[in-house]
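Fold and contact review
This is what each chain is made of:
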Amino acid sequence: MTEIKEKKAQENVQEVAIVGGGPAGLTASIYLSRYKVPHLIFATEVGGFMNETDKIENYPGFVSISGFELSQKMGDHAKSFGAEIVPEQVEKIEKEGELFVLHTFQKNKVLAKNVIYAVGTISNKLGVTGEEEFKGRGVSYCATCDGPFFKNKEAVVVGGGNSAAVAVFILAEHAKKVTLIHRGDLPTCEPSYIEDMKKNPKIHLIPNANVVEIKGDERVKSVVLDREVDGSREYPTDGVFIEIGSGPNTAPIKELKVELNEKGYVKVKADQSTSVENLYAVGDISTNSNGFRQIITACAEGAVAAITIFEKKRRSAKK
Ligand SMILES: Cc1cc2nc3c(=O)[nH]c(=O)nc-3n(C[C@H](O)[C@H](O)[C@H](O)COP(=O)(O)OP(=O)(O)OC[C@H]3O[C@@H](n4cnc5c(N)ncnc54)[C@H](O)[C@@H]3O)c2cc1C
């Protein structure tokens, strides 16, 4: 395994700055390295959402692999080709003339000719009292990461889609009781998940209910529902896992005024270019791949952005 190369962000001009170290950003880096295009990756972790995935069973070459392991493998692959990772989060990207200026939360500033924006999505918030206060103290958005802390405890999962169902099964491996609180008569996840939930004595379902408040002292103690369950609107729990989908993460590029679609994802052409010259968007944040947000499509888009930049550079060198 190659040694991790971490480079402090410096105030010099980079050919390409990749923002985000998920599968899209790491693949863009692998291809740029192969094309000998210098670049930096801003990433506080390698692997992105893959790290939150228990098992991946649809990425070719691996019948079944943990998300953490695939993250490490992709990170090592990128690093072995010379990827330079700046372990900082980009707060804001501006454009000054031809160049992008990337400001990090750690107060560094980097100039770049091209930016590959690969930040993925962020988990939707419930927006209820107590959610922010108890974040990290019982409120979580990642069952894979925090499930093991619930050994012999009780947890609720809020949501009804496939992500919520997966979170329920992960938690049921650790917790003594897991309750899925969902809005309709039935969760909207795949029917086979519902069948499996009903077979598991640890798993309980509360239909037709919304969480309106999260309460606790040092840590979460209960959730308040908008209807009574067993004679009370307060439902005791040690933790709340919020699994109500995710949305695009465009705050850092707000000032660039890049064109977005009606759902807020960055509009891209087939070559991953955006409405802002030399800004490319790849992976879950982009509108490509027919909106099919998966590891394989994220990797593909990262590769396409890299070849686009390489070809453009080659053409301008010929002039
Ligand atoms: C629970 C779950 C299970 C899934 N299971 C599968 C599966 O089995 N198979 C499959 O193919 N897909 C699966 N997916 C989808 C897959 O994980 C995503 O499609 C894929 O990870 C998207 O890659 P990405 O690189 O675009 O973004 P991400 O993986 O989200 O990576 C983006 C990275 O950018 C970082 N970042 C964000 N903002 C900044 C910033 N301002 N500065 C620097 N870095 C930043 C983030 O921290 C993150 O590390 C799953 C997703 C979830 C949530």
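Parameters at a glance
- Residues numbered from 1 in each chain as written.
- Predicted model: local features only at pLDDT ≥ 70, side-chain atom pairs only at ≥ 80, totals over all residues.
- Heavy atoms only, no water.
- Domains from an automatic or database assignment.
- Buried area = accessible area lost by both parts, 1.4 Å probe.
- Salt bridge = Lys/Arg side-chain N within 4 Å of Asp/Glu carboxyl O.
- Polar contact = N/O pair within 3.5 Å; in protein donor to acceptor, adjacent residues only side chain to side chain.
- Nonpolar A, V, L, I, M, F, W, Y, C, P; charged D, E, K, R; others polar.
- Near = heavy atom within 4 Å.
- Areas by Shrake-Rupley, 256 points an atom, 1.4 Å probe, with all protein chains shown as cover.
- Helix = DSSP H or I, 4+ residues; strand = E, 2+ residues; numbered from the N terminus.

**Remarks on the domain arrangement of the protein**
In many reports, interface size means the accessible area that the parts give up when they come together. Domain assignment breaks the protein into domain 1 (13-122 + 246-318) and domain 2 (139-242). On a C-alpha basis, the centres of domain 1 and domain 2 stand 33 Å from each other. Of the roughly 300 Å² buried at the junction of domain 1 and domain 2 (both faces included), carbon and sulfur atoms supply 56%. Together, N51, E52 and D54 form the three largest contributors to the area buried by domain 1 at its contact with domain 2, with a combined 98%. In this structure, the connection of domain 1 to domain 2 is made through 0 salt bridges. Remark: the boundary between domain 1 and domain 2 carries 0 residue pairs in polar contact (both at pLDDT 80 or more). Counted by class, the side of domain 1 that touches domain 2 contains no nonpolar, 2 polar and 2 charged residues.

**So, the site of the ligand**
Close to the ligand lie 26 residues, the nearest being E45, F49, N58, V90 and D284. At 3.2 Å, a side-chain N or O of N249 approaches a nitrogen atom of the ligand. One of the side-chain N or O atoms of Q294 is found 3.1 Å from an oxygen atom in the ligand. In the complex, the protein chains occlude 85% of the 1000 Å² of accessible area that the ligand would expose alone. Listed by contribution, the elements that provide at least two residues to the shell around the ligand are α1 (23-34) and α6 (295-318). Across the shell around the ligand, the residue classes tally to 11 nonpolar, 12 polar and 3 charged.

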